[in-house]
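Geometric and topological summary
Below are the chains, spelled out letter by letter.
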Amino acid sequence: MESSAMDDAVVMFPSPAIGHFISMVELGKLILTFQPSLSIHILIVSAPYSAGSTASYIANVAATTPSISFHRLPTITLPSSTNTHYETLIFEVLRLSNPHVHQALLSISKTYKIKAFIMDFFCFFSLSIASQLNIPGYFFFTSGAGCLAASMYFPTLHQTTTKSFKDMNTFLNLPGLPPISSFNFSSAVSDRNNKAYEYFLDMAYCFPKSAGVIVNTFALLEARALKAISDGLCIPDSATPPVYCTGPLIVTNNQTDGDTDCLNWLESQPSQSVIFLCFGGLERSGQRFLWVVRNPPSDSQSLDISPDLNSLLPDGFLDRTKEKGLVVKSWAPQVAVPP
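Residues numbered from 1 in each chain as written. Predicted model: local features only at pLDDT ≥ 70, side-chain atom pairs only at ≥ 80, totals over all residues. Heavy atoms only, no water.

Moving on: the packing of helix α3 (residues 86–96) against helix α4 (residues 98–108). Close contact between α3 and α4 brings their axes to 4 Å; oriented N to C, the two are set at 45°. By the angle between their axes, α3 is oblique relative to α4. For the pair α3 and α4, the contacting residues are L94, R95 and L96 in the first and N98, P99 and H100 in the second. A per-class count over the contact of α3 with α4 returns three nonpolar, two polar and one charged. (Axes fitted to C-alpha atoms, helices over the stretch in contact; angles between N-to-C directions. Helix = DSSP H or I, 4+ residues; strand = E, 2+ residues; numbered from the N terminus. Parallel < 35°, antiparallel > 145°, perpendicular 65-115°, else oblique. Contact = heavy atoms within 4.5 Å. Nonpolar A, V, L, I, M, F, W, Y, C, P; charged D, E, K, R; others polar.)

Here is the structure:
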């Protein structure tokens, strides 16, 4: 097939974590609303831990949006002795997937003209492949502009101190953001001796090499952070790539696996009787509640990111509140939860 006769395509490479994956696919849907003639190709990598099931979501998208197709890459098996933070694990899997990404791009390019390759920021290793194939490489940043500003400024912070954030006990001034306590940085980057710290630093150095960064926010919400980025304050030693705001990206009519029990429980409760966020004292107040619980930041090297509710909650809490409350592990269908 001649190049001029090829249909245009965008290839997207999300991180397998459910929040990153769904946001990327929803970005693909958004792109199609502006360019319906495009073909969207999503590369799927299996996570090395339980990252949340997206099987039903993928099936729904494949059935309802024929312009989006999914390509599952070969599974990467990490050494069984690996025992580290899950951010490091996902970085490792994505790094080792690079040859498969390269092959997938070559395969897709045989029948489509790839106009852009959009990577989750965890997938920064693949930017070099896009460059080799002369495909514009973009990053998709699933968090907001404030977090993006901090990530872009990360190399500057690294160069100005030899201490780990967890050892500083001070407030840090970052462009476009209020002062941030050094203790408030993610556990993945709080210790500069962690492999995850090294990976996040390498990722930050890749921002200026990209064709642009797509961020899941909107300008009026984070004007201060976006101005600091566009003014070049967050990457003072290199060119700042264009930043495109697309948010908020949310699932409006599709649900992921595991939603049924949560929504069925809500339907069984009296109208407007349940609060979605809770801050304690619920046993005494009698308030009905839906509580989403995730593991707190920890230095633990455990690979299990599913919270152990019995260890996190007071003794007997689940039994005492089972008639009026539901505790959900890690993930809930927030859009589907009625106001």
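All chains considered together, the criterion is met by five salt bridges. For K195, the salt bridge goes to E198, with nearest N and O atoms at 3.1 Å. Here E198 and K195 lie together in helix α7 (residues 195–206), a separation of three residues that amounts to about one turn. On the basis of relative accessible area, E198 is assigned to the partly exposed category, the value being 37%. Among the ionic pairs, K227 bridges to D231, the shortest N-O distance being 2.6 Å. According to the relative accessible area criterion, D231 is partly exposed, its value standing at 43%. (Salt bridge = Lys/Arg side-chain N within 4 Å of Asp/Glu carboxyl O. Buried < 20%, exposed > 50% of the residue type's maximum accessible area, 1.4 Å probe, protein only.)

Every buried residue belonging to helix α8 (residues 223–230) is among A225, L226, A228 and I229, and all of these are buried. Down the axis, α8 shows its buried residues gathered within 160° of arc, on one side only. In α8, those exposed residues whose orientation departs by more than 90 degrees from the buried face are R224, K227 and S230. Immediately beyond the C-terminal end of α8, within one or two residues, lies G232, with a positive phi of roughly 80°. (Arc of directions from axis to C-beta.)

Further remarks concern the nonpolar core. Residues F13, L43, F117, F165, F200 and F207 are the most contacted members of the largest nonpolar core, which totals 62 residues. Counting residues per element, this core draws most heavily on α7, at eight residues. Membership of the second largest hydrophobic core comes to 24 residues, among which are M12, I31, I44 and I214. (Core = buried A, V, L, I, M, F, W, Y, C linked by side-chain atoms within 4.5 Å.)

Below, the discussion takes up the sheet that holds strand β12 (residues 325–329). Read across the open sheet, the three strands follow the order β10-β11-β12; overall the sheet is parallel. The two strands at the open ends of the sheet, each matched to only one other strand, are β10 (274–275) and β12. As judged from the two bridges shared by β10 and strand β11 (residues 288–293), these two strands associate in the parallel manner. When the sheet's bridge partners are listed, V274 is paired in β11 with R288. (Pairing = 2+ DSSP bridges.)

Pairing of strand β1 (residues 7–13) with strand β4 (residues 112–120) involves seven bridges; the strand directions are parallel. Bridging from a neighbouring strand, V11 pairs with F117 of β4. Of the strand pairs in this sheet, β4 and strand β5 (residues 137–141) are connected by four bridges, and their pairing is parallel. What sits directly across from M119, in β5, is F139. Considered for its hand, the β-α-β crossover made up of β4, helix α5 (residues 127–132) and β5 is right-handed. (Right-handed = clockwise from strand over helix to strand, strands pointing away.)

Of note, Y244 is situated in strand β9 (residues 243–245). Here the alpha-carbon distance between Y244 and N216, two residues 28 residues apart in the chain, equals 8.7 Å.

Next up on the list: a nonpolar patch on the surface. There is a patch of nonpolar side chains on the surface, built from F218, L220 and L221 and spanning about 360 Å² of accessible area. Tracing the backbone shows L221 in the loop between β8 (212–215) and α8. (Patch = residues over 30% accessible without salt bridge, like charges linked within 9 Å, V, L, I, M, F, W, Y side chains within 5 Å. Areas by Shrake-Rupley, 256 points an atom, 1.4 Å probe, with all protein chains shown as cover.)

Our next topic: the environment of L312. Positionally, L312 belongs in helix α11 (residues 309–312). The spatial distance from the C-alpha of L312 to the C-alpha of R294 is 9.4 Å, given a sequence separation of 18 residues.

Applying the stated criterion to the full structure yields 21 aromatic pairs. For the ring pair F91 and Y199, a centre distance of 5.1 Å and an interplane angle of 40° mean the geometry is tilted. Residue F91 is found in helix α3, and its partner Y199 is found in helix α7; the two are separated by 108 residues along the sequence. Take Y199: its relative accessible area is 4%, and that puts it in the buried class. Ring geometry for F154 and F165: centres 6.1 Å apart, planes at 35°, overall tilted. Highlighted residues: F154 in helix α6 (residues 145–159) and F165 in the loop between α6 and β6 (171–172), separated in sequence by 11 residues. What links up through ring pairs into an aromatic cluster is the set F91, F121, F122, F124, F125, F139, F141, Y199, F200 and F207. The ring of Y199 carries K195 above its face, with NZ or CZ at 5.1 Å from the centroid. (Phe/Tyr/Trp six-rings, centres within 6.5 Å; stacked < 30°, edge-to-face > 60°. Lys NZ or Arg CZ within 6 Å of the ring centre and 35° of its normal.)

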